[in-house]
Amino acid sequence: MPNSPPATPPAERRALTVMFCDLVGSTALSARLDPEDLRDLLAAYQRHVTAVVEAAGGRVARYEGDGVLAYFGYPAASEDDAESAVRAGLELAARIRLGADTEPLSVRIGIATGVVVVGELMRSGVADNPPVVGETPNLAARLQALAAPGMVLVADATRRLTGRLFDYRDGGLRPLEGFADPVRVWCAVGARVTSRFRALRSHALPLLGRDAAMAALADRWALAARGSGQVVLVSGEPGIGKSRLVQALAERVRQRPATVVRLQCSPHHESSVLHPILERLRGTARAGRTDGPGDAAGAVGVRRLKRLLGRRVAAAADGVAADGAVGLLAELMGLTGLPAAGDAQGPRLDAQRKRELLLEALASIVDRLAQVRPLLLVLEDAHWIDPTSLQLLDLVVERMGGWPMLLVVTCRPELQADWRSRPHVVSIKVEPIGADDAETLVRHVPGGENLPATVVRGIVARSDGVPLFIEELTKAVVDAAAPPKSPHSDGRNVANVPSSLQASLLARLDRIGRPRDLARIAAALGRQFTLDQLSAVVEDRHPEELRGELQRLIDADLMVPVASPSSGTYAFRHALIQDAAYGSLLRSERRSLHGRIAAALEGRFPEIAAGQPEIVAAHCTKAELWEPAVRHWLGAGNRAARGWALAEAAEHYTEGIRIAGNLPASPERQRLELDLHMALGPVTMGMRGYAAEESLEVYRRAEPLVHAVGDVSQRLMLTMALYNVHYGRAELTEALAAAEAYRDLAERHGTNLGRAYGLLAQTHAAMAAFGDAEREFQRSLDVFTRAPEDLSTVGVFGSQHVISLAFRAGVLFAFGRAEEGQASMTEGVALARRMEHPLSIALALVTELLTPIPGGLNPDLARAEEAVRFCAHHRLGNFETWAEFARGAIVARRGDPREALKIMGAAVEKVEAMSSRLFRPVHLATLASAYARLGELDQALLLVDQALATAARTGERRADPALRRLRGELLLAIGRRDEAEHELQQALAVARSQGSKAEHMKAEEAIARLARRQP
Ligand SMILES: Nc1ncnc2c1ncn2[C@@H]1O[C@H](COP(=O)(O)OP(=O)(O)OP(=O)(O)O)[C@@H](O)[C@H]1O
Ligand SMILES: [Mg+2]
């Protein structure tokens, strides 16, 4: 693609590899040399360094006397920046002889990689101020100072990025000036000859989600092995798993007699003649492990090469002697020490003919190899192929029809090949793996097996099925030993893109040229955005122009159209590309961009501002526009709460509270904070339970704000919330006081009276003051008869009208007025259903299940199951737990006490975790009955005693008569008849004093049973 990066790119953040190179002994030189000679020498040295750096793809930023500072990764990043720097370093570290009459010079080199801000200063090439800002250049400079002459010292990050491409010696932990902790340093020794997959990627992970591709490859191999040459072109984006797939094929093929040959193209050698072939021969001939073999090694190398190829070439090549081809190859391989002229015919032939002969000879070698045993020839990364190798590839594809060989070519999407459509050629496009496989992959990365499910899902979502992304994100998360931050906390910085991916992602963006800047702006909008939104932010450019650039981003596989190209909606192809683009923005740029986006959304896209206030809120936050941000978070929370998306609502409110902390202290800020707390409270109660510590915490923080700036409705709300905390925890004395305070406030202002009397009534009921309870329930219901409940106040506490009806049923049952009680309960359930308010419905269903009707609990298992499902569906966790408990109680009555105890035990544990202690005596009594059914009488008795003690402590005495009766029956069963009789008399007395006719009768029956039993 002919897009060069813009000439004067704006300042940006990016991952950069920095190299410092310093001349050794320059002071001594200056003493020895005439200043003019010294100047010439230094100039020659600088030219040499510049040439090496630029050939490796780097750029010299600055000369500092005899020091040189070079960047790799600017102005355009490549995935191999770190590798290029180390290669250049190794080349420079070999002694430099700059003139015939001068001494060879030595240099010291330091290399480091990290995130820097790089700016316009770069343009001048040489500037006084350091053009990049960050720790990285300092680190490189310190490493350089630490290096011995001829040594390349490399920072840990750089070494990690270059994996096993080089041999390194551990230089240990070194204290460095300006760095708080000692820094690990590595000494680069030399380059290794290896496949890039082996050097840079992991091969220990299982192959996932590639059954179809493997089957296709196996088919082709079978055909090939039978003598019909086949080609498979495996293409796909970086990291999608091309090499892994081919590796799996090679493993399979090796199980049979077959030859596997791998050729690796290299991004550093796109114009070195026959690089993949020569590299391979070098490896085989062991002409040297490093890139620069010495003279003696060369001679040995040629001999080995001859031995290796001689016979094959002799048999294969036409009239030209084998030596000719060997000589040519050796020449190309830079092996000096060539035998005398007579040994090589090559030099007498013209260049074009030489080349043809060489390609013919090499093609024949392939043929020969295949004739010996079926051949799997893998050409890796053909997008980096040099032109001569490409010619050879064309030749082989042309001829191989009858050869028993499979040629597998891997490449990224950009490779063009004329022979793609030939009949013996198939293409396999490697696609992202599915979410399930992605999860499995996360779990297989070391450390990934212990990550919480939410974190795993986050990684899967962000990596879009690209195995490399999955792997690197997982490693980054495991290394950070902390889950990724919440989407709101402005954690979206470069650090969130694993450093191993930064350069390659940025390279994909840099390659596109001018549209890159548009991509960076779009990244601030989000993963998905519309052309309209983008042009509202980039006002100075014509939408058609933007559309054109977006199309180029699509063509470059950086973005995808959402729905259809004409829909005007686009998305970043990968979340990580968006992150990389966003991460390259300076913080100041981000702020102003988000400000523009927020203004555009509010001004031009009211439907977004209204429908997704959290989006506007997030932009305001990132723009540091604190007050509007707070208002939008509040709006977003309210919207989420209305849809009962409690977790989201809580997140939005909490974010609003956090942001409000940035506002200057004022009553206005207090009012905002109060609104947020009063909204967060009910949501927290909805999620964690009324009695939970978190719920209380929110209201504790709200209390001073209510007193400072609250109005009546907020005071009522706070009082009711505190009431609910106490009531839920069965702190009934405090609850009663709160209910009375609420009633006083309500009466004084003539508002919320139905709720006020209801709260009093339900507290009395819990305390077994049934007379008071009935009176207050009646008053509450009278209020609602006169004026129906305002549904907007129902919220998280549920409809008080429903509560008053359903809870009154319990009181009526106690009085023995079963029919009235049943009617009240039925009316409560029906009213809740009419309101279509899930929480009120759940409340009514659960109350109906748990209220002891005459004769015991409602035994309808189907109803309990329905209630559980309903609560689960509406994510009403605490009600679901109660419904589960009721289900357990019914299972016990139906004759499976053991199963029932499991169910009820789990429910009680959950209830306890929410600090919810209301109904505890009832729960314990139910558990005790189940144990009694099992014949575990001691355990049952223990629980009854616990229940009575709890009731005495909390004042929740409504279950006392039943508990005493149960205790009496248990005592009787274990033969303690006298105590039993006493206990039953107690039950009778308590029931009488509570006015509970139902319990009174049951106690009398129990006493009669006891009397009938002979001692
Ligand atoms: N199907 C898969 N199951 C499990 N792991 C995989 C799978 N595919 C790839 N991987 C892992 O993901 C990483 C990237 O894969 P690989 O190197 O094969 O990608 P690639 O397409 O060859 O990339 P490039 O274009 O950069 O060469 C490797 O570490 C590999 O082990
Ligand atoms: Mg690969």
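None of the values given here were measured: they were computed from a predicted structure. (Residues numbered from 1 in each chain as written. Chains lettered and ligands numbered in written order. Predicted model: local features only at pLDDT ≥ 70, side-chain atom pairs only at ≥ 80, totals over all residues. Heavy atoms only, no water.)

What about the overall build of the chain?
Right, on to step 1. Within the chain one finds 43 helices and 16 strands.
Right, on to step 2. Within the chain, buried positions represent 53% of all 1015 residues.
Right, on to step 3. A separation threshold of at least 6 residues defines the contact pool for the chain, and within that pool the share at least 24 residues apart is 69%.
Right, on to step 4. For the chain, the accessible surface area stands at approximately 44,100 Å², while carbon and sulfur atoms represent 51% of it. (Helix = DSSP H or I, 4+ residues; strand = E, 2+ residues; numbered from the N terminus. Buried < 20%, exposed > 50% of the residue type's maximum accessible area, 1.4 Å probe, protein only. Contact = heavy atoms within 4.5 Å. Areas by Shrake-Rupley, 256 points an atom, 1.4 Å probe, with all protein chains shown as cover.)

Thoughts on helix α38 (residues 897–913)
Right, on to step 1. In this model α38 runs 24 Å from its N-terminal to its C-terminal C-alpha over 17 residues, within 8% of the 24 Å that 1.5 Å per residue would give.
Right, on to step 2. Those residues of α38 lying buried are P897, A900, L901, I903, M904, A907, V908 and V911. The buried residues of α38 all sit within an arc of 170° when viewed along its axis, so they share a single face. Of the exposed residues in α38, the ones pointing more than 90 degrees away from its buried face are R898, K902, E909, K910 and A913.
Right, on to step 3. Where α38 is buried, its residues touch α37 (877–893) and α39 (920–934).
Right, on to step 4. Immediately downstream of α38, the backbone of S915 shows phi near 60°, a positive value. (Expected span 1.5 Å × (residues − 1). Arc of directions from axis to C-beta.)

What about the pattern of salt bridges?
Right, on to step 1. All told, the structure shown has 59 salt bridges when counted by the stated rule.
Right, on to step 2. Here E776 and R775 are joined by a salt bridge, their closest N and O atoms 3.1 Å apart.
Right, on to step 3. The class for E776 is buried, based on a relative accessible area of 3%.
Right, on to step 4. Salt bridges linked by common partners bring E12, R14, D510 and R516 together as one network. (Salt bridge = Lys/Arg side-chain N within 4 Å of Asp/Glu carboxyl O.)

Digging into unusual backbone geometry
Right, on to step 1. Here the residue pair Y74 and P75 is connected by a cis peptide bond, since its omega of 0° sits within 30 degrees of zero.
Right, on to step 2. The phi torsion at A730 lies on the positive side, around 60°, for a residue other than glycine.
Right, on to step 3. The buried category is assigned to A730, whose relative accessible area is 3%.
Right, on to step 4. Positive phi, close to 55°, is recorded for N752, a residue that is not glycine.
Right, on to step 5. The topology assignment puts N752 in the loop between α30 (732–749) and α31 (753–766).

Here we look at the pairing of strand β10 (residues 259–264)
Right, on to step 1. Taken across its six residues, β10 has five buried, putting it largely inside the fold.
Right, on to step 2. Inspection of the sheet shows β10 paired to strand β11 (residues 375–380) by six bridges, in the parallel sense. What sits directly across from L263, in β11, is L379. (Pairing = 2+ DSSP bridges.)

Examining empty space enclosed by the protein
By rolling a water-sized probe across the atoms, one finds the places where empty space is left.
Right, on to step 1. Tallied over the entire structure, the rule returns five cavities of 30 Å³ or more.
Right, on to step 2. One number sums up the size of the largest cavity: a volume of about 450 Å³.
Right, on to step 3. In terms of lining, the largest cavity is formed by 29 residues, of which the most central are F197, R201, G239, G241 and R244.
Right, on to step 4. When contributions to the lining of the largest cavity are tallied by element, the ones reaching two or more residues are α6 (196–200), α8 (242–253) and α16 (467–480). (1 Å grid on protein atoms, 1.4 Å probe; cavity = no way out; pocket = protein on both sides within 12 Å on 5 of 7 lines; lining within 4 Å. Points joined across faces, edges and corners; volume = space filled by probe spheres on them.)

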